[in-house]
Amino acid sequence: ALTAPEPVSFVNSYKGAPRGARYEHWLEDICRGVCKMNIGPSPGADIVDVRVQIASLGSVTFATAIGSSANIGRTREIARDGSDDFTLICGVRGPLPFHSQRETEMIGPSGMLLGELTDASGASLGNCREFSTLVIDRTTLLMSSPKAEALLFKQIGRASCRERV
């Protein structure tokens with residue numbers, strides 16, 4: 001029988017200026033410490049306004065970010081942590097800019113893009129107001145879909161998703 005760690009679920013939120021003791025505690029202890037992500041204001045904004053729901057189920061973590069301003073991602077420094085996971089970013093509302101070291105892709109509503117957490121990358125709330133992501137252990141994904149790496153940083157549409165993965 002397989003033994004898996006107990007599922008973990010929590011909600012993380014912040015609304016305010018990206019400075020001060022409260023922001024620093026939230027950023028260092030929750031965002032970087034637990035989630036291994038950096039969160040700041042969306043480009044051109046001066047506040048962070050985000051609520052993130054996270055559920056971790058062993059080798060897969062599901063998260064939904066909702067708000068009006070947040071740039072959520074992995075900086076070069078954080079990306080050096082040895083994480084070898086994939087992330088499947090799903091646009092929920094409006095265009096979602098996903099940036100990587102390579103380029104910026106606009107993910108449309110119900111569109112998806114497969115990225116990897118070894119690169120500095122992220123997505124920005126703003127006009128889209130909501131997106132979801134699955135973080136998947138590399139070994140788990142490649143066992144179930146050996147050709148998944150061929151989809152890295154390419155748009156995956158709803159109709160073609162089953163055909164490609």
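Everything below is about the structure shown above.
We now turn to the structure provided with this report. (Residues numbered from 1 in each chain as written. Predicted model: local features only at pLDDT ≥ 70, side-chain atom pairs only at ≥ 80, totals over all residues. Heavy atoms only, no water.)

## Let's talk about the pairing of strand E8 (residues 112-116)
For the record, the criterion: Using a 1.4 Å probe on the protein chains alone, a residue whose accessible area is under 20% of its type maximum counts as buried, one over 50% counts as exposed, and one in between counts as partly exposed. Numbering of helices and strands starts at the N terminus; helices are DSSP runs of H or I of at least 4 residues and strands are runs of E of at least 2. For two strands to pair, DSSP has to find at least two bridges joining them.
Most of E8 sits out of view: five of its five residues are buried. The alternating pattern of E8 places Met112, Leu114 and Glu116 on one face and Leu113 and Gly115 on the opposite face, and all of these are buried. With five bridges connecting them, strand E5 (residues 86-91) and E8 associate as antiparallel partners. Residue pairing across strands places Thr87 opposite Gly115, the latter belonging to E8. Pairing geometry for E8 and strand E11 (residues 155-156), over two bridges, is antiparallel. When the sheet's bridge partners are listed, Met112 is paired in E11 with Ile156.

## Some details on unusual backbone geometry
For Lys36, which is not glycine, the phi dihedral falls at a positive 60°. Residue placement: Lys36 occurs in the loop between helix H1 (21-32) and strand E2 (38-40). A positive phi angle is found at Arg129, which is not glycine, with a value near 65°. With respect to the secondary-structure elements, Arg129 resides in the loop between strand E9 (121-125) and strand E10 (130-136). When its relative accessible area of 42% is taken as the criterion, Arg129 is described as partly exposed.

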